[in-house]
Every structure is written in structure tokens, then in C-alpha cells.
Amino acid sequence: MKRKSFWIAGIAAALGLASVGAGVGTAAEPLKMAFVYVGPVGDGGWTFAHDLGRKTLEKNLGSKVQTSYVENVPEGQDAERVIRDLATKGNKMIFTTSFGYMEQTLKVAKSFPKVEFYHATGFKSAPNVTIYNTRMYEPAYLAGIIAGHMTKSGKLGFVASFPIPEVVRNINAYTMGARTVKPNITTKVVWISTWYDPSKERQAAETLIGQGADVLLQNTDSSATLQTSQDKGVYAFGWDSDMTAYAPKAHLASCIEVWGGYYTKAAEAELAGKPLHQTVWGGIKEGMNDLVSLNSVIPDEARKQVAAKKADMASGKFMVFTGPIKLQDGSVKLPAGKSLTDKEIDSINYYVEGVEGQLPGK
Amino acid sequence: MNFSVTPLVASALAAAIPLVIAALGELVTERSGVLNLGLEGLMLMGALASFVAVAHGGGLAVSLLCGVLAGVAGALVFAVIAITLQGNQVATGLSLTILGTGVSAFAGRQYVGFRAPTAFSDWPIPVLGKLPIVGPFFSMNALGYFAVVALFLISAFLYRTRSGLELRSVGESPSVARSLGLHVTRTRYLATLFGGGMAGLAGCYYAVAQFKMWQDGLTSGNGWIALALVVFASWRPPRVALGALLFGGVSALGLWLQTVGIPVSTFALASLPYLATVVVLVTISADQQALRRYAPASLGKPFFDGD
Amino acid sequence: MMGFELKRRAAPSRLMKVLCPVQAIALTILIGLGIFAALGQDPLRAFYHFFIAPVSTANGVSELLLKASPLCLIGLGLAISYRANVWNIGAEGQMYLGGIFATGIAIHFQQSWGAATLPAMVIAGAVGGMLWASLTAVCRAQLHANEILVSLMLTYVANLLIKYLVFGPWQDPNANNFPLTVNFDDNALFPLLASFGWDWLEGTRLNVSIFITLVAIPLAWFFAERTFPGFQLMVGGLAPAAARYAGYSDKRAVWIAMLIGGAAAGLAGVSEVAGPIGQLNDRWAPQYGFTAIIVATLARLHPLGVPLAALLMALLYLGGETVQIELQLPQAISFVFQGLLLMFLLGSEVLVHYRIRRTRTAARASVPAAV
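Residues numbered from 1 in each chain as written. Chains lettered and ligands numbered in written order. Predicted model: local features only at pLDDT ≥ 70, side-chain atom pairs only at ≥ 80, totals over all residues.

Caption draft 1: Highlighting the overall build of chain C. Of the regular secondary structure elements, chain C holds 14 helices and two strands. Here the C-alpha atoms of chain C give a radius of gyration of 23 Å, agreeing with the 21 Å that 2.2 N^0.38 yields for 371 residues. Seen through its principal axes, chain C has C-alpha atoms that stretch 80 × 60 × 35 Å. For chain C, buried positions account for 56% of its 371 residues. Restricting to contacts in chain C with at least 6 residues of sequence separation, those with at least 24 account for 78%. (Helix = DSSP H or I, 4+ residues; strand = E, 2+ residues; numbered from the N terminus. Rg over C-alpha atoms; globule rule 2.2 N^0.38 Å. Buried ≥ 20, exposed ≤ 12 C-beta atoms within 10 Å, placed from the backbone. Contact = placed C-beta atoms within 7 Å.)

Following this line, the structure appears as C-alpha cells:
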């Protein structure tokens, strides 16, 4: 008797295990994923790019996932509530797409150990909080190369938001890229103390152009810089999304973020039972950003140079922050042959040679 | 480093024109005793309406009209509640801002991402347009010239016409005005709708003249600056222009100072336009009588125009 | 010609005082039904998620109170100020200064002052708000400049001051050069109510700072309705000439009104940075100072109406969030809905003081001009 029941139990257990295994293979319910946006999806900028990524994810995985988003979530105490709400409502993956959600994400993650949180552009992680970011300084570098070819005055301009490392390294990369073409190029920077304010962005662009800058890059969220550049007959680049349509004559190229691939990978990993926990800081190589829509006026020589550098970035042969890197006074910050570590890049707080002016707050 | 005043003036002027248009409209409204805090919402609605017009192939005149009508429509809603139904003007205006922001953001979603097919271009006056310093005043676009004309017309209206006097009396003392046979409600309605139309026009400037696009929150808080300018101007039109130019000019100056390497915090420089406005206001308010003389006495107070 | 006109009532209708909000809500529901239906949403579901769902859990109620508390606090200060006709539009900036002062204490002294840190922060917050408000008070009382403009401009300056501090001297050295201060230690944070062992508050964010608001409500009422300075402020606002004749100092009224408003806003600032946020950063701009203007005026400047108005505004806010999460309704629609509801509320109050009558005459006979 005992042996029979033992065998029956064993077979039942095996059948049970098999059915569990089968269940893992076929997703009964779609994976619920939620996105927390700091701006409106229609901003044509940062949030727009994330939402494009979300839509790509939906296209790639179809009925396996069910996505939703909340837009215009302020980065204060409201964010914690929103994130917590999303977690209680069955979302298994929550993406908080702005730096200002860092503490809130961490707090909520503590209460929901089974939910996977992904925080963009932050620097604090946890067992269920994964950091992801994109190396926008790579397309900024490529834009610099183009700028180097297109500038007549040898002066570049940068409309900047706040002196955080993310913006500083983009300014540096832009300048470094341009100097590979013309070693004496200088970059002027104007800080407008906001991420989005078309009126201020316009005035900043006017100021830079008035100082002789004829190729502008921005780290802000509207296309005012492009519009102003076209009005004044100089060039500029788009940022976050393809901004050709705003100023076809002035637009040289756009530095865009591409999130769809990462979102798809993260979802697939979760579906397979092995969520991504590694901090991801991807660039051209991982397909997480790009330089697109190059203007036809850009000469072939410039295009070839950009394509070559892009290929080098993709293969890992070239890293932007490789020595020699010189500070504004000409002293060598990083000797040839060495590269900045990711931590150093993530906390960079100095200008490189060629950038004019003083970094605010230092 | 190069410093020439002319680009600074041009930059200040470009920022000042929509502020002047919106502030002049609000000035007329406030002179009749009505405080409309919904300017930001009205400007956004006007901006979207005029952008939609050009996006669908309309010409500049049509887009102007659409912008004005959108502003008037919003102001009408406000007027019914604040004037006829005597709802608290401060709260109603703020609610209008919320409403206008929401309506424009929602209706504008499919109009994001491209440039206006047509836009106002500059009409420089030969010779005068090239003068140093004052040149920019002679190479504005149609709306810029309109702002200048409006400045003179509104001044003349307020101080040299009978209707203007009536408007001002309504704003000072509606009960006395009423007893003199003036139609208080109608005057206030007209003044409010006019203010709304001007706000819509200012919005049109942002969408079809300056930025040639639509985006959520395109006016980025300039409606509040326009409101502040009316107070700054002590409700007198010429000072509106002074205030707008001061604000736009100091903003541009602060940005320029960044590029010449002055070791002052960029945040301190960014606060200059706000501080300058306060300092100038304090200076010109030194005359204690002025404060009492120029604020419309019945501003913000509801008036029951019946028995 | 048929028309409608308003006729003033002999006395405010008490029935209408109760009915008005009901009418407004009914109107909003009607229009809202139309909007939601036009968007392809089930209107009843939308309403449920807007008004009921946010407060249907203990956590929801806690969040409602958490949001309403600073709105109420600032609203009380503004109600008193507006009664005196002192139009403080800069409560947001005064709130920022409260947060700044509290942060200053926290990051410099939280290691050494132990349990005294938090009370010091609360006092510092009130002081900070009052300090900022006094700038406006000087400009209005002593220098005769309009307080609307000065207080509004100073709000922008206060915001930039925060940025200067967190990008510069107060930046956490371990924050990778991001604009943050260090996180506050426990002795510099308001304790959570949940930590006192009340089960039903488990997991909620409501903290001790709500008691500041709860105490402020009766205090504000008492000051406004039962004290002589409160009376003076009110008279000064309603009939300035009479007040001057009675010898009430205009300057003193301005100072008292601004300082009260500033203190209230400053306290709200502490409750945020020492509460759910736990640090100072460059993203803190909750707009409470401006929403509180609506709160104060919705409450008709009555201190006992302010908490109700604050709860309503907080609910509207939470509801807008919930319909985004549950129904994927664009946030802009919430704004439209909120704006409409507020306008209906404001417009419906007319029936308290007036009744609607049909008129049969053509235009009202024009009154002959006085000769």
C-alpha cells in the first residue's frame, strides 16, 4: 500500500512539475508594464522618445505585454504615490523615466520586492531597482564632428539646462568631436536653469548667435533653438527626437534616444524568468541612441568621418572619453591611452579645452 | 567678446511684443474693474487655435482671427461666471487658467512635431530698420507693429475718448457709474472680451510668429509675467511697454553676461529680470499717492448690476 | 422679450448655501458625462475613478490628507491675508524659503542636535517663510509697491535660490554632482503616524506634520473671528477709509497679514522637505502656493471653509492621477474637468445671494443721465 501511494504521489508530483514548467513557457496573462513620465508624451522630446520606446515594445511583443503610462508626474512627493499605485495595481515592471524619481522609486521598491523597477538616469540601485541610461555624449560627439565641418566662424554654441554631469559631458563631447576637425574650435555655453522654456531657449540661442556661434546644440526640450537658428541663418541640431520638421534648413542632424530595444529586452528577460538586474548604460553599440536625419548639405567628407566613428563606437573600438583629455587651461586631465571609467563619466564636473566660460557652481 | 547693444535690443523686443499685447488687453479689462487671472490659459488657447488654422492651410489673417476668437471664447466663459454670476474673480481666473491649459493640451496633441507652414515674417522699414540700437523697432513683424499701434490707440481710448472715460469710471466706482446711466455689465463684458482677444493674439504671436510650432505649455508662464506687467505699469499703457522691454532686456542681458565670463552664479543672473522689475517698481512707486490713484478702485470686486 | 435677471435676496439663502455645491457638482457631472462619453469612456466608471476610488482605501485617505494638509495650511494664511486685502501671491516662494531654512538646520545640525533637530527645523521653516514675506511687506507697507507683483517676482527668485544652494554649497558630496542635499536623518524627519502602531495606518505616508495643520485651523478661526487684530484686518480690507478713520494702522495690517501668510507657507515647506521628500533638491516645486489661492477663495476666505476646499482640491488632484492610471485618460482631460468643476462651483454661488427671475420688459428702461 505505502509503496503504491508513494508512486502515485511521485507521478502526481512529476505531473505537477511538468504543468508548472508548461505554464512558464506559455504566458497565460500578459505582462503588465507601466511607465512613469515626467513630461507629456506630446513633448516631442524626452518623454516622447520614451513613449516611442514603449510603442516599439508593444509592437515587438504584442499580446505578451500590456503597457500603460502616466504622464506629467511631478518629481516630488506625488511620484511616490503614483509609483506605489502602479505597483499595487499588478504591474510587474515599472519604468520611472527621470532622475527626479530616484528616491521615490527606491522607497516603493522596498515595499514591493516582487516588482521590478527600472530607473532611468539615476545612480542608486537596489535588488529590484535597476538603473538604465543612454550615452548621449556619443551622438553629441558625432554632432561635433559635423559641426566642425559646417562651422565658418569656428565658434559653436550650446543651450544648456542645468550643470549636471549629463549635460556637462555632452558639452565636452560636442567640443571634442568638433576639435578633431578643427583643433581651434571653441564652444560657448548658456545655462537657462530649466529643461523646457521656449522663450528662454530662444533668448539663449540669440545670445550665442550674437556672439558668433554658427552651429548650436541643445540639451533642452523644445525646438526653439532650431527655430531661432533658422531665423538667423545658422545651423543647429535636434535633441531627443528627430526635429527636422521644425527647421528643415537649419537642422543638420538629430541626436535621439532609442529606448525600444532595451525595453523589449527587459520585458523578454522578465518573461523568461530572469529579469535584467545589470545596470545598463548603452550607446551606439547597444543601439540605445543614434544620430539621424543628416541634412543633405553636409559634405561627403563629413559623412564619411561620422560613419567611420560611428562604426568604431559600435564595435567598441572607440570611446569618447579616452585620453588625451585636456582641461581648459591646457593641462592634461587624462593622458593618452587611458579612458575615464563609467563612474568618472557619470560624475564629470569639469569642462574640456575649447569650452569657454566657467562651470556654474564650481 | 563682442558687445553690441542692437542684438540685445532685438532680443528684448522679440520677448516684449507678446507681453505687451497680452498686458494691454488685461489692462483694459482691469480698468473696468475686472481682474482676469486666466491670461496664461487664454494665451495657450489662442496659440493653439492659430496654429491649427495655419496647419490646415489657412493664411495668416485666418490664424489671427482664430487666435483672437479662441481668446474671446475663453474670456466669455470667465465673464459669465465672474461678471454676471459674480463668482470670485481671483478663483475664476485661476480656474480658467487650469481649463485653458487642459483644453489646449488635449486638443493640441496631434499638432506637435512640425513647423508652421506659414508664419509671420519681419517687415523691415528701409533705412530705419538698419539703424543701430533702434533698428529692431523698425524691423518687426506685423504683430509687432500692431503692438505699437495698440499702445497708442489704447492710451488715446482710455484718456481721450468718452467711452474710455466711461470705462475708467466703471472701474473706479461702478455704483456711481450706474447711477450716471452707464451700463456697467456691458462695459465690463466688452472690456473682458477685448482682453481675452488680445491674449489670444499674444498666443498667436508665440505659435505663428515666434516659435512657428505648437507644444504643451508653449507660453511657458509668460501669461503671469503679463499680469505682473499690468501692475508694474500702474495700469497705464506706456509703462506696459517699458516693463516688457525691461523684463525682456534684463533676461537677455543676464544670458549675455554668462558668455563673457563674469564669475556670477547663473542662477543669480537668471533672477535679475525678476529683481529688476521689483526694484524699478519700488522706485517709481515712491510717490505714495500714485498707488492709490492708479489702481482701479473696484478691481476684483463683484458688482451687482441690478436692483 | 423674455429674459432672465438676478434679483438680490433680502438675506442670504441658507438653503442655497447647502444646495449650491450640489448644483455645481450636478452640472459638472452632466458636462463630464458628455466629455467622457465623447472620449469613448464609460462615464460612470470615470466618475468612480475620479472621486471615489482615490479615497476608497486607507492609503488613499492618507494620501488625500497628506496632499490637503499643506494646501490647508497655506490657505489659512492666505485667507487671513486676503481678508485684509493684502494679496499675497507669493506663498509658493515663502514655502520654498521655509523648506530652505529647515534644510539648513537639518544638514548642518542633524548629527549633533539629536531630538531637538526637528522642532528647530519647524521654527526655522516658519522664520524662513516670514522672512521672505517680510520682503514683500516692506515693499508694500514702507515703499508703497504693489504686493501682487513683488510677491510673485520673489517666488521666481526663491526657486532660483533653491537651485543655487543644491547645485552649490549644499550639494551632497556623494551625489555624483547631482543637485541634491544629503538625505535627512530620522531625527530630522516628521515621524510617520503609522510608526505609532495604529494598524489601519500601516504603510501610509501620513506624518506628524498634519497636527500642525490641525492646530492651525482653530487658531486661524479664532484669530480671524474672535480677536481684535483679526477684526482690524477685516475692516481694513472691507472699508479701508473707515479703518483709517478708526485709527487702524494700514502698515501694521500689511505686516501682520504677510507674516501670517509667510509663516503658514514656511511651515508647509518644512512639512514637505522633512516629510515625504526627506531632502532638498532642484525638482521641488509643488505649486501649493498657487493652488492654495484657489483654496482660500473657494472657501470664501473663511477659515473653517479652507479645510473643506483643501480636501476638494486634493481630491481633484488625486482623481486626475487615478483616471490616468486606471483608464489611461490623458492628463489634460483631468485639467479640463477640474477647471469646469471649479467654475461651476464659483458660478453657482450666485444663488446664495440672488434669485433668478424672468423679465418681461424689453431692455431695462435706461436711467436718464443725471443732469
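Caption draft 2: Region of the structure containing the pairing of strand β4 (residues 116–120) of chain A. Residues and elements named next belong to chain A. Most of β4 sits inside the fold, with five of its five residues counted as buried. The alternating pattern of β4 places Glu-116, Tyr-118 and Ala-120 on one face and Phe-117 and His-119 on the opposite face, and all of these are buried. Relative to β4, strand β3 (residues 93–96) runs parallel, the two being bridged by four bridges. By the bridge assignment for β4, Ile-94 is matched with Phe-117. With helix α4 (residues 102–111) bridging β3 and the parallel β4, this β-α-β connection has right-handed handedness. Looking at chain direction, β4 and strand β5 (residues 129–134) are connected through four bridges and run parallel. What sits directly across from Tyr-118, in β5, is Thr-130. (Pairing = 2+ DSSP bridges. Right-handed = clockwise from strand over helix to strand, strands pointing away.)

Caption draft 3: Highlighting the interface of chain B and chain C. Taken together, the contact pairs 43 residues of chain B with 42 residues of chain C. Those elements that provide at least two residues to the side of chain B that touches chain C are α3 (60–84), α4 (89–107), α9 (222–232), α11 (266–270), α12 (272–284) and α13 (288–294) of chain B. When residues in the side of chain B that touches chain C are grouped by element, the largest group, 13 residues, is from α4(B). Of the residues in the side of chain B that touches chain C, the class split is 27 nonpolar, 15 polar and one charged. (Nonpolar A, V, L, I, M, F, W, Y, C, P; charged D, E, K, R; others polar.)

Caption draft 4: Structural context of the sheet that holds strand β12 (residues 289–292) of chain A. Residue and element names in this part refer to chain A. Overall, mixed pairing links the seven strands, which are arranged β12-β10-β9-β8-β6-β7-β15 in an open sheet. On the outer flanks of this sheet lie β12 and β15 (355–356), each paired with one strand and no other. The pairing of strand β7 (residues 186–191) with β15 spans two bridges and is classified as parallel. Paired with Thr-187 across the two strands is Val-355, which belongs to β15. Against the sheet, helix α7 (residues 198–210) makes contact with β6 (155–160), β7 and β8 (215–218), and its axis sits at roughly 165° relative to β6, the strand it touches most. (Axes fitted to C-alpha atoms, helices over the stretch in contact; angles between N-to-C directions.)

Caption draft 5: Looking closely at the environment of Ile17(B). Residue and element names in this part refer to chain B. Along the chain, Ile-17 turns up in helix α1 (residues 5–31). Looking at Ile-17, the number of C-beta atoms within 10 Å reads 27, which means it is buried. On a C-alpha basis, the gap between Ile-17 and Asn-141 in space is 9.9 Å, while along the polypeptide they are 124 residues apart.

Caption draft 6: Focus on the interface of chain A and chain B. With 27 residues of chain A at the interface, the matching set in chain B holds 30 residues. Elements with a minimum of two residues in the side of chain A that touches chain B: β7, α7 and α8 (224–232) of chain A. Here the side of chain A that touches chain B gets seven residues from one element, more than from any other, and that element is α7(A). Its residues assigned to classes, the side of chain A that touches chain B shows ten nonpolar, 13 polar and four charged.

Caption draft 7: Expanded view of the packing of helix α1 (residues 14–38) of chain C against helix α13 (residues 331–348) of chain C. Residues and elements named next belong to chain C. Two elements in contact, α1 and α13, have axes whose closest approach is 8 Å; the angle formed by their N-to-C orientations is 150°. Taken together, α1 and α13 sit at an angle that is classed as roughly antiparallel. Read as a crossing pair, α1 and α13 show a hand that is right-handed. From α1, Cys-20, Pro-21, Gln-23, Ala-24, Leu-27, Thr-28, Ile-31, Gly-32 and Ile-35 reach across to α13, where they touch Ile-333, Val-336, Phe-337, Leu-340, Leu-341, Phe-344, Leu-345 and Ser-348. (Parallel < 35°, antiparallel > 145°, perpendicular 65-115°, else oblique. Left-handed = near helix turned anticlockwise from the far one by under 90°.)

Caption draft 8: The sheet that holds strand β11 (residues 280–282) of chain A, seen in detail. Residue and element names in this part refer to chain A. Judged by pairing direction, the sheet is parallel, and its six strands sit side by side in the order β2-β1-β3-β4-β5-β11 without closing on themselves. The sheet is open, and its two edges are formed by β2 (65–70) and β11, each paired on a single side. Taking each pair of neighbouring strands and ignoring which way they run, the sheet shows an average axis angle of 20°.

Caption draft 9: Molecular detail of the environment of Tyr350(A). Residue and element names in this part refer to chain A. Tracing the backbone through its elements, the reader meets Tyr-350 in the loop between α11 (342–346) and β15. The sequence separation of Tyr-350 and Thr-151 amounts to 199 residues, and the corresponding C-alpha distance is 24 Å. Other than its neighbours up to four places away in sequence, Tyr-350 contacts Leu-327, Lys-333 and Leu-359.

Caption draft 10: Local environment of helix α7 (residues 210–226) of chain C. Residues and elements named next belong to chain C. Between its first and last C-alpha, α7 extends 24 Å over 17 residues, near the 24 Å set by a 1.5 Å rise per residue. Among the residues making up α7, those that are buried are Ile-210, Ile-212, Thr-213, Ala-216, Ala-220 and Ala-224. Buried residues belonging to α7 abut α3 (58–83), α8 (228–238) and α10 (250–277). (Expected span 1.5 Å × (residues − 1).)

Caption draft 11: Quick peek at helix α6 (residues 165–179) of chain A. Compared with the 21 Å implied by 1.5 Å per residue over 15 residues, the 21 Å span of α6(A) between its first and last C-alpha is a close match. In terms of burial, α6(A) is largely enclosed, as 14 of its 15 residues are buried.

Caption draft 12: How the structure looks around the packing of helix α4 (residues 91–109) of chain C against helix α6 (residues 147–167) of chain C. Residues and elements named next belong to chain C. Closest axis-to-axis distance for the α4/α6 pair is 7 Å, and the angle between their directions is 25°. In terms of axis orientation, α4 runs roughly parallel to α6. As for how α4 packs across α6, the hand of that crossing is left-handed. Contacts from Glu-92, Gly-93, Tyr-96, Leu-97 and Ile-100 in α4 reach Leu-154, Thr-155, Ala-158, Asn-159, Leu-161, Ile-162 and Leu-165 in α6. Among the residues making up the contact of α4 with α6, the classes are represented as eight nonpolar, three polar and one charged.

Caption draft 13: How the structure looks around the confidence of the model for chain B. Per-chain confidence: chain B averages 90 in pLDDT, with 95% of residues scoring 70 or above. When pLDDT is averaged over each element of chain B, helix α2 (residues 39–55) of chain B comes out on top at 96 and α13(B) at the bottom at 56. (pLDDT = per-residue confidence, 0-100.)

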